[in-house]
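Coordinate analysis (summary)
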Amino acid sequence: MKRGNMTPQSNQPAIAATGLRKAYGDKTVLDGIDLHVPAGTIFALLGPNGAGKTTAVQILSTLIRADAGQVRVAGHDLVTEPDAVRAAIGVTGQFSAVDKLLTAEENLHLMADLRHLSKADGRRRAAELLEGFDLVDVAKKTAGTFSGGMLRRLDLAMTLVGDPRIIFLDEPTTGLDPRSRRGMWQIIRELVAGGVTIFLTTQYLEEADQLADRIAVLDNGKLVAEGTAQELKRLVPGGHISLQFTDPSGLERAARTLGEVSRDDDALTLQVPSDGGVQSLRSLLDLLDAKAIEVDGLTVHTPDLDDVFLALTGQPTK
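Keep in mind the model is a prediction, meaning the values are calculated, not measured.

**As for the packing of helix H3 (residues 104-114) against helix H4 (residues 119-132)**
- Remark: H3 packs on H4, axes separated minimally by 9 Å, with the N-to-C direction vectors making an angle of 135°. The angle between H3 and H4 falls in the class oblique. Our pair here, H3 against H4, has a crossing hand that is right-handed. When H3 is examined against H4, the residues Ala 104, Glu 105, Leu 108, His 109 and Ala 112 are found in contact with a partner set consisting of Gly 122, Arg 123, Ala 126, Leu 129 and Leu 130.
- Of the residues belonging to the contact of H3 with H4, the class tally is six nonpolar, two polar and two charged.

Structure (C-alpha cells):
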C-alpha cells in the first residue's frame, strides 16, 4: 500500500506516558500507568472489558484530559501542544466514523476537507487510498451497502488522509470475519513497514500475538505485565520441552538424568518443565550431550496468550 512521505524516525519514542491517572467520581479507571512506545512499532494494550483501554486511547489522542501524569506524543506535550499532537496522529475507534449515506470517495473527500487539504491534494490522496485499500471498484457506491470488512478498511483509509505518524486503533477488527481480520492485519503490517507507529487495543489475543512488537496487559486500571508475546508467555507455568527418542533405552537414560519429567513410554517421549527460554534449552541440550544421550526430536511448548490473560487478570478472554 502506497503512503505519503514519512518523517524520518528519530530516537525519541512515539508515545511516552508517566503516571497516567483518570477517575470518574470514586471509580479509578487508570491508576498511574506508564507507557513507552518506540516509533515504527506496534504496541498492543490488552485487558478485559472495563480495564481502561479505551480511556487510555482517548487521553493519548487528546479526546479527554487525564487527571494526572505527563505524556508526550510524537515528541509533543499532550497538555501544552494538543494541536501538534492532533496533527501527528490518526484515530480509528471501536465504532466506524464512516458516513453511510456518502460514497467511499465522498467520505475521503470530506475527511480531506476537514484536514484542510487543497482540493487537488484531497482528490489525489483519496485516489491513492482507494487504490491502496482495494476500494476503487466501490468508490462510487454508498458506504451503507458495504460489508463489515469494507467499512473498516474505509474507516482506516479515512484516518490516513492526513498521513499520520501515529495511529490509534481501538479494537479495529471487532465483528469482522476471520478473512477480513487477516486482511486488516496485512494493512497494519504495511503501515508499520512504511514507518507508522500503531497503538492497538484488542480483545483478540491472536491479533496481539500476530502483530505486536510489545504487549501490555491492563487490569483494573493498572498495568500488570508488559513485554513481547514470548516474554509474557513465560510468566505463567505450563511450559515444557518435549523430547522424542528412537528407543526405550534412550528414553530411560534421559529420564534418570533429568529427574522430574513426565514420560510416555509408548510414544517414547519425555516432557521436561521449562520456561521455553534459550538459556533453559541450551542447558538441557548441554546436559544430554554430556551424558551422550541421543534425542531424535525436540519441541518447545509455551503457554499461549489466553493462558497469560487468564493468569494475570483472573478472567477469560471472552
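Having seen the model, we can carry on.
**Let's talk about the pattern of salt bridges**
- Considering all chains together, one arrives at 16 salt bridges under this definition.
- A salt bridge links Asp 209 to Lys 233; its shortest N-O distance comes to 3.0 Å. Here Asp 209 is found in helix H7 (residues 205-211), whereas its partner Lys 233 is found in helix H8 (residues 229-233), with 24 residues between them in sequence.
- Exposure remark for Asp 209: the relative accessible area of 30% places this residue in the partly exposed category.
- With a relative accessible area of 8%, Lys 233 lands in the buried category.
- Arg 263 is paired through a salt bridge with Asp 265; the nearest N and O atoms lie 2.8 Å apart.
- Its relative accessible area of 36% is what places Arg 263 among the partly exposed residues.
- Connected through shared salt-bridge partners, Arg 124, Arg 125, Glu 128 and Asp 163 make up one network.

**Some words on the side chain of His 109**
- Looking at the secondary structure, you find His 109 in helix H3.
- Overall, His 109 belongs to the buried group, its relative accessible area being 15%.
- In this structure His 109 touches Gly 122, Arg 123 and Ala 126, once residues within four positions along its chain are discounted.

**Side note on unusual backbone geometry**
- Even without being a glycine, His 116 presents a positive backbone phi close to 60°.
- In this structure, Asn 220 is a non-glycine residue whose phi angle is positive, near 50°.
- Structurally, Asn 220 can be placed in the loop between strand E9 (214-219) and strand E10 (222-227).

How each quantity is defined
Residues numbered from 1 in each chain as written. Predicted model: local features only at pLDDT ≥ 70, side-chain atom pairs only at ≥ 80, totals over all residues. Heavy atoms only, no water. Axes fitted to C-alpha atoms, helices over the stretch in contact; angles between N-to-C directions. Helix = DSSP H or I, 4+ residues; strand = E, 2+ residues; numbered from the N terminus. Parallel < 35°, antiparallel > 145°, perpendicular 65-115°, else oblique. Left-handed = near helix turned anticlockwise from the far one by under 90°. Contact = heavy atoms within 4.5 Å. Nonpolar A, V, L, I, M, F, W, Y, C, P; charged D, E, K, R; others polar. Salt bridge = Lys/Arg side-chain N within 4 Å of Asp/Glu carboxyl O. Buried < 20%, exposed > 50% of the residue type's maximum accessible area, 1.4 Å probe, protein only.

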